[in-house]
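Topology and contacts: notes
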Amino acid sequence: MKHRLLAIPLLLVGLNPSLSALADEFDADDLKRWQAGFMSAVKSGEKLFHGGIKNPNTMSCDQCHPNAANTHPETYPKFQQQLGKVAVLGEMINWCIRNPLKGKPLALDSDDMAALQAYITWERRGVKLAPGKH
Amino acid sequence: MSKYSRRDFLKRAGACAVAGTLPISLVEVAFGNSDPKNFTFAFISDSHITQTKGDNFVENWDRGLRRAVAECNLLDPRPDFILYGGDIAQLGKPEEIDHGLEILAGLRGDVHYVMGEHDYYLDLGEHWRKRLGPERYSFDHKGVHFVVLNSILTYPEWTHKAWDSGMQRMLQMARLDNPHGSPFMVGDEQRQWLKEDLAKVDKRTPVVVFSHSPIQKIYKGWNFWTDDAEQVQAMLKPFDKATVIYGHVHQIQYNQIDNISFHAVMATAWPWPYPSTYKQAESHLAKLTVPMNRADPFFERDATGWQFIDMHSGNVDMRYVLPGNASRRVAFDEKAGRPMDTRHQDPASRIPPQNHY
Ligand SMILES: [Fe+2]
Ligand SMILES: [Fe+2]
């Protein structure tokens, strides 16, 4: 990210038109770093998915969803017929934690929830979006 | 109504409800002159009994096995015997195997057991063997030769790695999608035994092999796989009629390779997705298979079940008993020379829940 440099060259921007787009630019190193940031969430999501969620039933997500299969992240949000409303993926993750696992649901904006969704979606990469599909 | 009589009433009402949903009578088909004679057997598999703490077990899995046992006991006429297809336990603990066997002890009839990887990799089958005897054996019944194999062995280098404990090894093998797992196999020693066992059997005798893993190669990543499958298949090739019935995959699968029919059975615990739904790897499920219905997770027994099997033709006529769903029947079609779903085989007669993605 170039934003951290922003404060220093403010004056220069006025002098040199070729630098005027600096704040919006990023290079290959930036992309690598951001991808690494995402992949570290995928990794911790994978750990949570495979026994990293403490629960009284000692169960794990991969017991029913090897490689996060049969989770269908590309179909969310969708009308979840059993709930009678449109649900997002995070609500279904919490449904699993509460019911088969008998555990405590995660906050929808928690790091763990983000990591779980990062892993689930990563295992589904390349599949076309299909919102609402049942 | 007093408390006691009310409970008694509920118990009776429950039993009636179960009986009401069951296809109670088995179809008897006249067999003709040749052996084997008409008979049926039942098949229960993959209960994954899980100890959480002390005397506590995951109730969901207990309920699955209890239901299968209760329903199986209502079959009339009685099946000649019952097969248990492996994975009684989740982590191979003696407590889990014992608890599972306690529930299975409620079955009316003789039970033959197959070893699953979840029964094996904690203590290499020691407790299972102590309770149930050897894990490979054969028996003859009404003109059919039955063979039970332990197909979940693997390379000795993996089994005898410098593990911290048996439990560490068990946990590695228990993870289906483990990239550091190891493929299942029957192994040289057991294949030699099988060769000698089959040498004594007339080639016109129908042979049925029970294994935990498929004796075919479907998807290595989840061990829907047996590494020496082709070598075992080759030993079955000389027989007129051969069938392999396996657990492990927790789903409906069937296939025909030359003279050998393959059938998978449902788990009583939970269903597994079809490997084709994992989009990052290639897999090879038989095109012949019409999949089970996709599970509704809100109904805890959905996409689980047990089966009863009619051997009247010397081939397998498999009936899947699926809680809350219509039974499925996959029977050997003499004309086509392979197993076919008697209702859904034609693509035009499939239903939306059979579409997995
Ligand atoms: Fe299993
Ligand atoms: Fe298994």
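Refer to the structure presented above.
Residues numbered from 1 in each chain as written. Chains lettered and ligands numbered in written order. Predicted model: local features only at pLDDT ≥ 70, side-chain atom pairs only at ≥ 80, totals over all residues. Heavy atoms only, no water.

Right, let's talk about the coordination of the iron ion (ligand 2) for a bit. Every protein donor of the iron ion (ligand 2) is accounted for by B:Asp87 (OD), B:Glu117 (OE), B:Glu117 (OE), B:His212 (NE2) and B:His248 (ND1), and the metal-donor separations fall at 2.2 to 2.6 Å. Sequence spacing among the residues donating to the iron ion (ligand 2) works out to D-x29-E-x94-H-x35-H. (Donors = N, O, S within 2.8 Å, 3.2 Å for Na, K, Ca; no water.)

Pairs of packed helices are described in terms of their axes, by the angle between the two and the distance that separates them. Residue and element names in this part refer to chain B. Contact pair helix H8 (residues 188–199) / helix H9 (residues 229–236): the axes reach a minimum separation of 10 Å and the direction vectors enclose 10°. Relative to H9, H8 is oriented roughly parallel. Between H8 and H9, the contacting residues are Arg191, Leu194, Lys195 and Leu198 on the first element and Gln231, Val232, Met235 and Leu236 on the second. Here the contact of H8 with H9 is built from residues that sort into 5 nonpolar, 1 polar and 2 charged. (Axes fitted to C-alpha atoms, helices over the stretch in contact; angles between N-to-C directions. Helix = DSSP H or I, 4+ residues; strand = E, 2+ residues; numbered from the N terminus. Parallel < 35°, antiparallel > 145°, perpendicular 65-115°, else oblique. Contact = heavy atoms within 4.5 Å. Nonpolar A, V, L, I, M, F, W, Y, C, P; charged D, E, K, R; others polar.)

Where charged atoms from two side chains of opposite charge approach closely, those side chains can pair. All names here are of chain B. Under the counting rule described, the total for this entry stands at 21 salt bridges over all chains. The partner of Arg136 in a salt bridge is Glu189, with the nearest N and O atoms 3.1 Å apart. Of the two residues, Arg136 sits in the loop between helix H5 (126–132) and strand E6 (137–141) while Glu189 sits in helix H8, which places them 53 residues apart along the sequence. The shortest N-O distance in the salt bridge between Arg191 and Asp188 comes to 3.0 Å. You can see Arg191 and its partner Asp188 sitting in helix H8, 3 residues apart, about one turn around the helix. For Asp188, a relative accessible area of 59% puts it in the exposed group. One network of salt bridges, with partners in common, ties together Glu59, Arg63, Glu300 and Arg301. (Salt bridge = Lys/Arg side-chain N within 4 Å of Asp/Glu carboxyl O. Buried < 20%, exposed > 50% of the residue type's maximum accessible area, 1.4 Å probe, protein only.)

Let's shift gears to the sheet that holds strand E7 (residues 144–148) of chain B. Residue and element names in this part refer to chain B. With respect to topology, 6 strands assemble into an open sheet ordered E6-E7-E8-E9-E11-E10, the strand pairing being mixed. Here the strands that pair on one side only, and so sit at the sheet edges, are E6 and strand E10 (254–257). For this sheet the average axis-to-axis angle between neighbouring strands, irrespective of direction, equals 20°. Note that strand E8 (residues 207–211) and strand E9 (residues 242–246) share 5 bridges and pair parallel. The partner of Val207 across the bridge, within E9, is Ala242. Relative to the sheet, H8 contacts E6, E7 and E8, its axis offset from that of E7 by approximately 170°. Along the sheet, H9 contacts E8, E9, E10 and strand E11 (260–264); its crossing angle with E11, the most-contacted strand, is approximately 125°. (Pairing = 2+ DSSP bridges.)

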